[in-house]
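# Per-entry structural report
Next come the chains, spelled out residue by residue.
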Amino acid sequence: MRPSRRAPDELRAVSLERGVVKYAEGSCMVKFGDTHVLVTATLEERLPPWLKGQGRGWVTAEYGMLPRATLERTRREAAAGKQGGRTVEIQRLIGRSLRAAVDLEALGERQITVDCDVIQADGGTRTASITGAWVALADCISWMKTRNMIKTNPLRDNVAAISCGIYNGTPVLDLDYAEDSEADTDANFVMTGDGRIIEVQGTAEKTPFSQDEFLALMDLARKGVARLVDLQKMAVA
């Protein structure tokens, strides 16, 4: 039995609320159960120096956790003077995931920065961030369309992410913190709307896992991502 009493293939309650920040070109409050992330997308008429003059744009991401997103206060990284390795890894993952579904040439010589701020963490902050980031990005691109800033749609497909793991010997979907902290295996899957894989992160936390177990996690992830993509489509419809 899972601590949350969910079925092995059951997601937490997921919500994607658009337009939550007045000034951002795109925004989304994403909730995976008790994990809550505020995502904003900002359009800028500038590019990193190494991209200038190449006739294409860029999508990047920044990620952070508020001090009381967790049970005990976490010191702000700004106060420490640098970002932690986990933060850098996650924001690079978010950026890679979004760029996989964007035609950067169609975007033009512009940059969209997606900011993911974790308000409350209960496992799966990176997967929730990616799923909500796509909604904020889609809204930003819609904002550009209404102003005739782009000729074709740069967004080629949906992108969503979900965690899976082996908990008490059973493959389960969408781990909360109680499961994540005790799981034998923990994995994150990032996929497109048509089921193609963007990235897989999998680790044997306690016991090495077999190929059959990995395929069971992959099957769960495909089902979970398909449900998330349906929710994304409903959110931006």
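Refer to the structure printed above.
To continue, consider helix H2 (residues 85-99). If you check H2, its first and last C-alpha atoms are 21 Å apart, about what 15 residues at 1.5 Å a residue would give, namely 21 Å. Listed in full, the buried residues belonging to H2 are Thr 87, Ile 90, Gln 91, Leu 93, Ile 94, Gly 95, Ser 97 and Leu 98.

This next bit is on the environment of Asp 212. Mapping Asp 212 onto the fold places it in helix H6 (residues 211-236). Taking the C-alpha atoms as reference points, Asp 212 and Arg 99, separated by 113 residues in sequence, lie 31 Å from one another.

A few words on the side chain of Thr 131. Take Thr 131: it is sitting in helix H4 (residues 125-146). Within the structure, Thr 131 has its side chain in polar contact with the backbone nitrogen of Ala 161 (distance 3.2 Å). With near-sequence residues (within four places) excluded, Thr 131 lies in contact with Leu 16, Phe 32, Val 159, Ala 160, Ala 161, Leu 228 and Gln 232.

The five strands lie next to each other as E1-E2-E3-E5-E4, forming an open sheet whose pairing is mixed. The open sheet has two free edges, formed respectively by strand E1 (14-18) and strand E4 (58-65), since each of these has just one partner strand. If you compare each strand with its neighbour and ignore which way they point, the axes differ by 15° on average. Where E4 and strand E5 (residues 111-120) come together, eight bridges link them in parallel fashion. Its bridge partner lying in E5, Gly 64 is registered against Asp 117. Of the strands in this sheet, E1, strand E2 (26-32), strand E3 (35-44), E4 and E5 touch H4, which is tilted by about 35° from E3.

It is worth spelling out the packing of H2 against H4 at this point. Remark: H2 packs on H4, axes separated minimally by 10 Å, with the N-to-C direction vectors making an angle of 40°. The angle between the axes of H2 and H4 places the two elements in the oblique class. Crossing angle aside, the handedness with which H2 passes H4 is right-handed. For the pair formed by H2 and H4, the contact residues are Arg 86, Glu 89, Ile 90, Leu 93, Ile 94, Ser 97 and Leu 98 on the first element and Thr 125, Arg 126, Ser 129, Ile 130, Ala 133, Trp 134 and Leu 137 on the second. Of the residues assigned to the contact of H2 with H4, the class counts are eight nonpolar, three polar and three charged.

Time to look at the nonpolar core. Within the largest apolar cluster, 61 residues are counted, with the highest numbers of intra-cluster contacts made by Ile 94, Ile 112, Val 114 and Ile 162. Considering every element that reaches this core, the biggest residue donor is H4, with 11 residues. Here Ile 112 is in contact with Ala 41, Thr 42, Leu 43, Trp 58, Val 59, Thr 60, Leu 107, Leu 137, Cys 140, Ile 141 and Met 144, once residues within four sequence places are set aside.

Before going further, it helps to examine the sheet that holds strand E6 (residues 159-167). Pairing is antiparallel in the open sheet, where four strands are placed in the order E7-E6-E8-E9. In this open sheet, the two edge strands, each paired with only one partner strand, are strand E7 (170-173) and strand E9 (197-204). The mean inter-strand angle of the sheet, taken between neighbouring strand axes irrespective of direction, is 15°. One ladder, built from seven bridges, connects strand E8 (residues 185-192) with E9; its direction is antiparallel. Each bridged residue has a counterpart across the sheet, and for Phe 189 the counterpart in E9 is Val 200. Set on the sheet, H2 makes contact with E6, E8 and E9; between it and E9 the angle comes to about 150°.

Let us look at unusual backbone geometry. At Arg 5, a residue that is not glycine, the phi angle is positive and equals roughly 65°. One can find Arg 5 in the segment before E1. A relative accessible area of 65% means that Arg 5 is categorised as exposed. Of note in the backbone geometry, Asn 168 takes a positive phi value of approximately 55° without being a glycine. With respect to the helices and strands, Asn 168 occurs in the loop between E6 and E7. Classification of Asn 168 by relative accessible area gives exposed; the value is 60%.

Parameters and conventions
Residues numbered from 1 in each chain as written. Predicted model: local features only at pLDDT ≥ 70, side-chain atom pairs only at ≥ 80, totals over all residues. Heavy atoms only, no water. Helix = DSSP H or I, 4+ residues; strand = E, 2+ residues; numbered from the N terminus. Expected span 1.5 Å × (residues − 1). Buried < 20%, exposed > 50% of the residue type's maximum accessible area, 1.4 Å probe, protein only. Polar contact = N/O pair within 3.5 Å; in protein donor to acceptor, adjacent residues only side chain to side chain. Contact = heavy atoms within 4.5 Å. Pairing = 2+ DSSP bridges. Axes fitted to C-alpha atoms, helices over the stretch in contact; angles between N-to-C directions. Parallel < 35°, antiparallel > 145°, perpendicular 65-115°, else oblique. Left-handed = near helix turned anticlockwise from the far one by under 90°. Nonpolar A, V, L, I, M, F, W, Y, C, P; charged D, E, K, R; others polar. Core = buried A, V, L, I, M, F, W, Y, C linked by side-chain atoms within 4.5 Å.

Limitation: the analysis is restricted to geometry and does not speak to function.
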